[in-house]
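A closer look at the structure
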Amino acid sequence: MVTGKENTQRTAYLTFDDGPSTNTLHILNILREHNVPATFFVVGNESDFARRVYQRIVNEGHVLGNHTYSHDYEKIYQSADAFMQDVIRMQDFLENTTGSRPEVFRFPAGSNNQVHRQVQTENPYIMVEILEALREEGLQYFDWNVSSTDAAAVTLETEFIIENTLYNMGGRRNAILLFHDSTPKTSTVEALPEIIQSLKEQGYTFKSLSPDSFYVHFRHLVF
Ligand SMILES: [Zn+2]
């Protein structure tokens, strides 16, 4: 039996990786229309266009997250120092551009992927060092528990994104949803209104991520 608000509270955290692009602008318009906050894990782009997008994300009450400056595996996984140089470059760039220094971080491709496994055969402690350094920088990292599957193809059909996302929700009380807002992801934009509408009907409240939010970590520091 459901007895209190506590038991029925459902929260959805929409997250968008790899922007800014023109899709980011469309997404911002949709979020404004539906009055929903989100989190954007962005990469480094010094163009005037990108600077305006970062600023708009902040101005419209969304959260700007660090997704590394370069998103370049070869470069960032040379060492923990190389990784953190790239991360701090992004922190400084975003702070200088928007006045806001990110407190949330997402690893390119998540915190536990094939690249990490490969890198760790040569440097078993690199991820431990990176996780410690992120904590020192005041960055909490976030993986996800609901994939929109919009990375499964360059541009996945809109209908698939809607169906897969809603199916993958699986009735979770706390859902961190992974989307992408890089240039080819036009169908993600098209899928978004219906996904938001459906989640609202299911009773979800939308929040952006902060360091003390519910989190998902793929990586567990057990050796
Ligand atoms: Zn990414």
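Notes on the structure follow. All figures in this text were calculated on a predicted structure; none of them were measured in a lab. (Residues numbered from 1 in each chain as written. Predicted model: local features only at pLDDT ≥ 70, side-chain atom pairs only at ≥ 80, totals over all residues. Heavy atoms only, no water.)

1. A short note on the coordination of the zinc ion
Note on the zinc ion: its protein donors are D18 (OD), H67 (NE2) and H71 (NE2). The metal-donor distances range over 2.1 Å. Mapped onto the sequence, the residues coordinating the zinc ion show the spacing D-x48-H-x3-H. Separated by 53 residues along the polypeptide, D18 in the loop between strand 1 (10-17) and helix 2 (22-34) and H71 in the loop between strand 3 (63-66) and helix 4 (73-76) bring together distant segments of the chain. For D18, a relative accessible area of 22% translates into the label partly exposed. (Donors = N, O, S within 2.8 Å, 3.2 Å for Na, K, Ca; no water. Helix = DSSP H or I, 4+ residues; strand = E, 2+ residues; numbered from the N terminus. Buried < 20%, exposed > 50% of the residue type's maximum accessible area, 1.4 Å probe, protein only.)

2. As for helix 8 (residues 158-169)
Compared with an ideal rise of 1.5 Å per residue, which puts twelve residues at 16 Å, helix 8 spans 17 Å between its outermost C-alpha atoms and is within 8% of the ideal. Within helix 8 the residues assigned to the buried category are T158, I161, I162, T165 and M169. Seen along its axis, helix 8 keeps its buried residues to an arc of 100 degrees; they face one direction. Where the residues of helix 8 are buried, they touch strand 6 (146-147), strand 7 (174-180), helix 9 (186-201) and strand 8 (204-206). Taken from the residues just after helix 8, G170 is the one with a positive phi, measuring 50 degrees. (Expected span 1.5 Å × (residues − 1). Arc of directions from axis to C-beta. Contact = heavy atoms within 4.5 Å.)

3. Remarks on the environment of D143
Residue position: D143 is located in the loop between strand 5 (140-141) and strand 6. By relative accessible area, which is 0% here, D143 ends up buried. Setting aside its immediate chain neighbours within four residues, D143 contacts R106, G110, S111, I176, V216, H217, F218 and R219. Separated by 2.6 Å, the side chains of D143 and S111 make a polar contact. (Polar contact = N/O pair within 3.5 Å; in protein donor to acceptor, adjacent residues only side chain to side chain.)

4. Remarks on unusual backbone geometry
Put simply, G19 and P20 share a cis peptide bond, and its omega is 5 degrees. Tracing the sequence through the fold places P20 in the loop between strand 1 and helix 2. You will see that N35, though not glycine, has its phi angle at about 55 degrees, which is positive. Summarising the element assignment, N35 is placed in the loop between helix 2 and strand 2 (39-42). Given a relative accessible area of 68%, N35 falls into the exposed group. Residues other than glycine seldom take positive phi values, yet T149 does so here, at roughly 65 degrees. Within the secondary structure layout, T149 lies in the loop between strand 6 and helix 8.

Nothing here speaks to function; it is geometry throughout.
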